[in-house]
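Structural overview
Below are the chains, spelled out letter by letter.
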Amino acid sequence: MKKNIKKITWISFIAIGALLIFFPNKARVQNEDFPFDPSFAQLKNLDERHPKIDHMLYMILQVYENSSLEHAKKIAKGMDVDFVGDDIRVVAVENRMPLPNGAKGSIPLTPQIQALGGAVETSYKDLYQSTIGLYALRSLSDLPSVGHVRLPYKPRELVVSEGVQNTGAGDWHSLTSYHSQGAKVCILDGGFTGYGALLGTELPSTVETRSFRADNNLETSVHGTACAEIVHDMAPDAQLGLVNFGTDVEHHNAVAWIISEGYQVVSYSMGWGYSLGPGTGSGPIHDDVEDFVDSGGVWVGAAGNSAEDHWQGNFSDPDSDGRLNFAVGSEWFGFRVYPFVPFIIWLRWNDWGDWNGTNFNTSRDYSDWDMRLYSAYGGGAYLWGAFGVQGQNRWAYEIISGWANFYASLSVTVNRWWDPNVGTREFDLEFWNCYGIEHPVAAGSVTLPGDSPDSLTVGAIDHATNAYHTYSSQGPTDDGRIKPDICAPAGVSTNTYGPALAAPPGLLSLFQLRPYGFYGTSAATPHVAGALGLILDKTGFSPIQAKDVVLNRLIEMGAAGKDNMFGAGRLNLRNN
Amino acid sequence: MKKGIILLICILLFLSLSTFSSADEQKVKVTVDIANMRVKPSLQADVIGKLPMNTEITVISKMGDWYQVKLPPDPSGIVITGYLHQSVVAEVTVQAAPAFTPPPPPPASAKKTKKTAAPPPPAPTRTASIPTYAPAAAAAVTWPKFGIFARGGYGGNGIAAAGGITYTVMKFLAIELAGGYFSINEEGDTTDPNALLEGKLTTIPLQFSLLFRFEMDKIAPYIGGGVGYYLNSYEIESTITDAWNALGFTIEDAVDPGLGYHAGAGLDFLLSGNLAVNLDFKYILLNPDGTWTITDQISTTSATGDLADLNFSTFTVALGIKFFF
């Protein structure tokens with residue numbers, strides 16, 4: 001009997017342990033310790049759609065209308081949605097209407113927004129970045145001059161880690177400059193916190209700075225500072241520009257300014273979600289890249305750190321229940337999130353049509369797919385979903401974002417709402433600030449606008465071993481091109497992120513609880529931009545010629561020829 | 001014959017010594033249509049020359065009724081001396097330095113009175129073979145027209161050398177064709193993208209000059225100027241090219257050949273009838289064009305651009321010899 005009790009005790013321990021390991025959140029959900037703000041779940045019409053308001057924004061509006069402004073602001077903060085006072089920051093996409101008298105032109109949108117109590121912070125073409133009270137959001141969307149209203153798109157800083165590798169740049173530093181016109185490298189990033197303290201040491205004595213954020217705050221993140229440090233390490237005499245932005249509209253204006261200032265190289269360790277393009281190298285941010293390259297410059301962009309946070313696959317629905325199968329028998333895509341860290345899941349499918357410079361609105365099926373979030377791996381309770389309306393100006397993507405109170409396991413499903421041509425459908429899922437992705441697919445994980453044919457896209461390798469860093473995003477692009485173009489060292493030392501040390505194991509590495517270096521394609525990118533700056537600073541080559549010099553000195557890595565892990569090879573400035 | 005040679009040597013020696021005593025020389029002027037110049041102070045002596053009226057001729061000495069005189073050197077430098085009877089000439093007052101002022105000649109009226117009684121010189125007997133001397137032939141030295149030269153010195157900031165030919169076109173004007181060599185070390189300026197890098201210019205100038213020469217007895221100073229075509233070659237400092245080459249790049253700063261201009265002055269000093277020492281100063285205005293080129297040996301990517309504001313203007317100072325024909 002005693003033996004049986006002991007046996008039962010051991011079995012119980014093992015069973016409880018297994019439950020905690022494999023179903024940690026199920027246990028917590030059952031314990032009423034729900035990891036999410038329950039506001040969404042309390043909404044009566046979770047699946048309600050609005051024809052002119054994007055779904056995430058519409059959900060916040062519903063919280064406001066069903067609960068309170070404070071509640072909506074609290075939700076918004078957790079979703080990285082901006083409020084300025086009591087007004088939410090949105091982008092009104094202008095629908096150019098003919099004037100009442102039939103004359104060509106459009107009714108100015110700015111006074112209409114002001115009449116609703118809002119304010120236009122900045123604009124670019126048909127995009128009006130505005131702040132407006134939630135009480136007036138429906139009125140704004142009802143304006144005939146407004147095509148639709150959405151939240152501003154925001155970039156992601158690709159900080160994962162850093163590394164150091166000798167690329168041979170040091171051999172160039174002592175060279176006598178040969179008929180150089182000088183080098184101007186712009187670090188276009190989210191923020192440059194602490195840059196002032198590094199002037200004259202880790203950075204040049206003087207730098208040009210410009211914030212295109214609505215609040216003109218340059219020091220919103222240390223990410224750009226670390227990138228600038230690397231560019232300066234590579235090209236000590238290059239003139240640096242530190243330019244930041246916060247939204248897509250600000251991005252457009254920033255790039256236009258960078259072009260006007262004659263910058264030759266842009267170092268871009270940023271990326272965008274699937275809301276800005278189909279992965280075929282086209283879209284509004286890609287147009288900025290193209291504009292810069294057309295001006296004679298070289299755009300060096302990060303490939304992204306999504307190789308382990310991405311899924312790509314064709315349509316599969318054996319049981320015809322409208323839910324996509326991610327693998328055999330798997331309709332719920334499991335992943336894990338960190339406490340108090342906003343997470344985002346993007347869904348994109350291949351029904352965008354062709355980009356005409358303003359819109360993806362040609363040759364489309366007008367399919368409509370949705371995404372639903374559940375409280376556990378393999379299912380659990382339905383939490384909320386993304387039910388955007390895909391139409392004339394609404395593109396083929398959905399976004400779910402949120403945050404948890406503690407470590408949680410979740411899953412999503414992809415559901416068909418309408419698709420007349422489902423047999424040709426291909427899907428991409430990307431998870432940001434998530435881990436434990438259930439079915440990772442590295443192929444096709446390049447972050448926008450790294451898929452641009454105009455971008456010199458950079459993957460990450462280890463500075464010491466030249467080994468591929470497994471997070472470094474891989475091609476091909478959705479139209480079959482190889483990306484990245486080149487790989488460069490990550491894991492180098494910077495003042496900002498500390499000395500290059502071995503990364504701490506497990507989750508600590510992702511939180512960077514202690515400085516151990518700058519990893520990620522964010523670190524690799526400024527090495528390439530700096531190499532170009534160095535060549536421009538030492539020679540009379542044009543930026544395009546400097547790019548040729550770089551591409552012809554690469555040391556091939558991986559499979560013969562250009563491949564989707566290393567591109568054409570690793571950065572090397574030596575004569576071999 | 002032997003006697004004649006000794007006489008000639010004596011005459012040359014005398015003349016060479018007298019070259020340096022020109023300050024107190026005395027001259028006479030022919031006062032008849034043709035005056036016979038004789039080999040000895042005797043009306044029976046052979047006539048060695050016929051001098052037209054108003055010819056001024058240098059007196060070597062006075063011997064009784066005869067003046068021993070000398071003719072200017074002929075083109076080969078030979079000076080001929082002879083005798084003129086005092087009845088066919090009149091003494092000429094010569095401006096000379098105060099220290100060597102000769103005693104004033106006796107009153108012409110007294111001499112004339114005395115001389116009128118003298119028998120007229122006999123008519124020449126071999127006039128056809130005797131040369132006649134024009135008044136212009138009375139210059140001290142006639143410089144040969146054609147010569148070659150070689151000179152060396154300092155130019156740019158190194159050795160300069162030149163050689164060529166010179167030809168006297170007319171009085172006061174000569175032309176000179178010269179070829180040469182000089183080099184200039186350039187410090188370079190890496191702050192100016194269009195400036196040369198540190199290196200050395202080597203140039204071969206082919207110069208044409210117009211010289212205004214002032215030919216005197218033995219010295220001919222000149223000033224002049226001209227144009228030149230400069231065959232330039234520039235080499236970047238080897239430590240710079242080596243460093244770039246080690247990284248797989250070829251760099252070249254090329255200075256184009258082109259026109260340059262020069263002005264200067266100089267001096268020829270005649271050592272003998274054919275050989276002169278030449279001292280020459282020149283300022284050369286040289287602003288050629290040029291290009292820079294960098295080539296990546298691996299990708300063959302190449303960039304090129306223009307060098308701007310190149311200035312190799314410099315002085316040359318050279319000493320040499322000229323040999324005249």
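Cut-offs used in this document
Residues numbered from 1 in each chain as written. Chains lettered and ligands numbered in written order. Predicted model: local features only at pLDDT ≥ 70, side-chain atom pairs only at ≥ 80, totals over all residues. Heavy atoms only, no water. Helix = DSSP H or I, 4+ residues; strand = E, 2+ residues; numbered from the N terminus. Buried < 20%, exposed > 50% of the residue type's maximum accessible area, 1.4 Å probe, protein only. Contact = heavy atoms within 4.5 Å. Areas by Shrake-Rupley, 256 points an atom, 1.4 Å probe, with all protein chains shown as cover. Salt bridge = Lys/Arg side-chain N within 4 Å of Asp/Glu carboxyl O. Core = buried A, V, L, I, M, F, W, Y, C linked by side-chain atoms within 4.5 Å. Phe/Tyr/Trp six-rings, centres within 6.5 Å; stacked < 30°, edge-to-face > 60°. Lys NZ or Arg CZ within 6 Å of the ring centre and 35° of its normal. Pairing = 2+ DSSP bridges. Axes fitted to C-alpha atoms, helices over the stretch in contact; angles between N-to-C directions. Buried area = accessible area lost by both parts, 1.4 Å probe. Polar contact = N/O pair within 3.5 Å; in protein donor to acceptor, adjacent residues only side chain to side chain. Nonpolar A, V, L, I, M, F, W, Y, C, P; charged D, E, K, R; others polar. pLDDT = per-residue confidence, 0-100. Left-handed = near helix turned anticlockwise from the far one by under 90°. 1 Å grid on protein atoms, 1.4 Å probe; cavity = no way out; pocket = protein on both sides within 12 Å on 5 of 7 lines; lining within 4 Å. Points joined across faces, edges and corners; volume = space filled by probe spheres on them. Expected span 1.5 Å × (residues − 1).

On a plain count of helices and strands, chain A comes out with 15 helices and 25 strands. Buried positions account for 58% of the 576 residues belonging to chain A. Of the contacts made within chain A by residues no fewer than 6 positions apart, 79% connect residues no fewer than 24 positions apart.

Time to look at the overall build of chain B. Scanning chain B from N- to C-terminus turns up three helices and 18 strands. In chain B, buried positions account for 35% of the 325 residues. Partitioning the intrachain contacts of chain B with sequence separation of at least 6 by distance along the chain shows that 64% fall at a separation of at least 24. Counting every atom, chain B has about 17,500 Å² of accessible surface; 64% of that belongs to carbon and sulfur.

For the rest of this paragraph, the subject is the environment of Ile132(A). Assignment of secondary structure puts Ile132(A) in strand E4 (residues 127-133). Excluding residues within four positions of it along the chain, Ile132(A) makes contact with Asp87(A), Ile88(A), Val90(A), Leu116(A), Gly118(A), Leu137(A) and Leu140(A).

All right, on to the pattern of salt bridges then. Counting across every chain of the model gives 23 salt bridges over all chains. Between Asp321(A) and Arg323(A) there is a salt bridge, with the nearest N and O atoms lying 3.7 Å from each other. Ionic pairing is found between Glu176(B) and Lys282(B), a salt bridge with its closest N-O pair at 3.8 Å. Placement of Glu176(B) in strand E10 (residues 173-186) and of Lys282(B) in strand E15 (residues 275-285) is noted, with a sequence separation of 106 residues between them. Taken as a pair, Glu176(B) and Lys282(B) share a single burial class, namely buried.

Within strand E24 (residues 455-462) of chain A, eight of the eight residues are buried, which leaves the element mostly enclosed by the surrounding structure. The side-chain alternation of E24(A) yields two buried faces, one formed by Ser455(A), Thr457(A), Gly459(A) and Ile461(A) and the other by Leu456(A), Val458(A), Ala460(A) and Asp462(A).

Within the largest apolar cluster, 76 residues are counted, with the highest numbers of intra-cluster contacts made by Trp172(A), Val300(A), Trp244(B), Ile294(B) and Phe312(B). Among the elements that make up this core, the one with the highest residue count is helix H14 (residues 521-538) of chain A (nine residues). Excluding residues that lie within four positions of it along the chain, Ile294(B) makes contacts with Tyr178(A), Thr539(A), Phe541(A), Trp244(B), Phe249(B), Thr250(B), Ile251(B), Thr301(B), Ser302(B) and Ala303(B). In terms of nonpolar packing, the next biggest core, distinct from the first, is built from 57 residues, Trp257(A), Ile345(A), Ala396(A) and Phe427(A) among them.

Right, let's talk about the packing of aromatic side chains for a bit. Residue and element names in this part refer to chain A. Tallied over the full model, the rule gives 38 aromatic pairs over all chains. With centroids separated by 6.4 Å and ring planes inclined at 75°, the aromatic side chains of tryptophan 311 and phenylalanine 333 adopt a geometry described as edge-to-face. In this pair, tryptophan 311 is assigned in strand E13 (residues 310-314) and phenylalanine 333 in strand E14 (residues 333-337), connecting sequence segments 22 residues apart. Phenylalanine 333 carries the same exposure label as tryptophan 311, and that label is buried. The ring of tyrosine 382 carries arginine 372 above its face, with NZ or CZ at 5.4 Å from the centroid.

The eight strands are arranged E8-E9-E10-E11-E12-E14-E15-E18 (chain B) in a closed barrel whose pairing can be described as antiparallel. Along the sheet, successive strands turn relative to each other by an average axial angle of 25°, direction set aside.

Now for the interface of chain B and chain A. With 27 residues of chain B in contact, the opposing surface of chain A contributes 21 residues. Here chain B meets chain A over a buried area of about 1,900 Å², counting both sides, of which 68% is carbon and sulfur. Connecting chain B to chain A are one salt bridge. Put simply, Arg553(A) and Asp296(B) hold a salt bridge, and the shortest N to O gap is 2.7 Å. At the junction of chain B with chain A, the criterion picks out 10 residue pairs in polar contact (both at pLDDT 80 or more). Broken down by secondary-structure element, the contributors of at least two residues to the side of chain B that touches chain A are helix H3 (238-246), strand E13 (249-255), strand E16 (290-296) and strand E17 (302-307) of chain B. For the side of chain B that touches chain A, the element with the highest residue contribution is H3(B), accounting for five residues. Class assignment of the residues belonging to the side of chain B that touches chain A gives a composition of 16 nonpolar, eight polar and three charged.

Chain-level statistics for chain A give a pLDDT mean of 85 and a share of 84% at 70 or above. In the model, residues 15-36 of chain A has pLDDT below 50 throughout and makes 32 contacts with residues more than four positions away in sequence or in other chains.

A few words now on helix H12 (residues 284-294) of chain A. Residues and elements named next belong to chain A. Along H12, eight of the 11 residues are buried, which leaves the element largely enclosed by surrounding structure. Turning to H12, its buried residues number three or more, namely Pro284, Ile285, His286, Asp287, Asp288, Val289, Phe292 and Val293. Once H12 ends, the next one or two residues include glycine 296, with phi positive near 105°.

Before going further, it helps to examine the packing of H14(A) against helix H15 (residues 543-551) of chain A. To describe two helices that pack against each other, one gives the angle between their axes and the distance between the axes. Residues and elements named next belong to chain A. In contact at an axis separation of 9 Å, H14 and H15 are set at 120° when each is read in the N-to-C sense. Seen from above, H14 lies across H15 with right-handed handedness. Here Leu532, Ile535 and Leu536 of H14 come into contact with H15, specifically with Pro543, Ala546, Lys547, Val549 and Val550.

It is worth spelling out the confidence of the model for chain B at this point. Any residue range with low pLDDT should be treated as having predicted coordinates unsuitable for detailed reading. Residue and element names in this part refer to chain B. Confidence along chain B averages 80 in pLDDT terms, with 76% of residues attaining 70 or more. Overall, residues 1-23 carries pLDDT values under 50, and its contacts beyond four positions in sequence, including any with other chains, amount to 10 contacts. With pLDDT under 50 throughout, residues 96-139 is counted as low confidence; its partners more than four residues away or in other chains account for 44 contacts. Across the interfaces of the predicted complex, the ipTM metric reaches 0.73, alongside a pTM of 0.72.

Moving on, we get to the side chain of Ser282(A). Residue and element names in this part refer to chain A. Inspection of the secondary structure puts serine 282 in the loop between strand E11 (270-271) and H12. A distance of 3.4 Å separates a polar atom in the side chain of serine 282 from a polar atom in the side chain of threonine 280. With sequence-adjacent residues up to four places away left out, serine 282 is seen in contact with Leu276, Gly277, Trp355, Phe360 and Asp451.

The next thing to look at is the side chain of Glu176(B). The exposure class assigned to Glu176(B) is buried, which follows from its relative accessible area of 1%. A distance of 2.9 Å separates polar atoms of two side chains, one belonging to Glu176(B) and the other to Arg151(B).

Below, the discussion takes up the environment of Val149(A). Looking at the element boundaries, Val149(A) is found in strand E5 (residues 146-150). The exposure class assigned to Val149(A) is buried, which follows from its relative accessible area of 0%.

Residue and element names in this part refer to chain B. Scanning the entire structure with this criterion turns up seven cavities of 30 Å³ or more. Each pocket or cavity is described by its volume, and for the largest cavity that value is around 150 Å³. As for the largest cavity, its lining consists of 15 residues, of which Ala160, Ala161, Ala162, Gln207 and Thr316 are closest to the centre. Listed by contribution, the elements that provide at least two residues to the lining of the largest cavity are strand E9 (158-170), E10, strand E11 (199-213), E15 and strand E18 (314-324). For the lining of the largest cavity, the element with the highest residue contribution is E10, accounting for four residues. Among the residues forming the lining of the largest cavity, the class breakdown is eight nonpolar, four polar and three charged.

This paragraph deals with the sheet that holds strand E25 (residues 486-490) of chain A. Residues and elements named next belong to chain A. The strand order across the open sheet built from seven strands is E8-E9-E7-E10-E12-E24-E25, with neighbouring strands paired in parallel fashion. Two strands close off the open sheet at either side, each with one partner strand: strand E8 (208-211) and E25. Taking each pair of neighbouring strands and ignoring which way they run, the sheet shows an average axis angle of 25°. Bridge count for strand E7 (residues 184-189) against strand E9 (residues 239-244) is six bridges, and the pairing is parallel. What sits directly across from cysteine 186, in E9, is glycine 241. Its contacts with the sheet place helix H10 (residues 223-234) against E7, E9 and strand E10 (265-268), and it is angled at close to 160° to E7.

Moving on, we come to helix H11 (residues 248-260) of chain A. Residue and element names in this part refer to chain A. Relative to the 18 Å expected for 13 residues at 1.5 Å per residue, H11 spans 19 Å between its end C-alpha atoms, a close match to the ideal helical length. Within H11, the full set of buried residues consists of Asp248, Val249, Glu250, His251, His252, Ala254, Val255, Trp257 and Ile258. Backbone geometry just downstream of H11 places glycine 262 in the positive-phi region, at approximately 75°.

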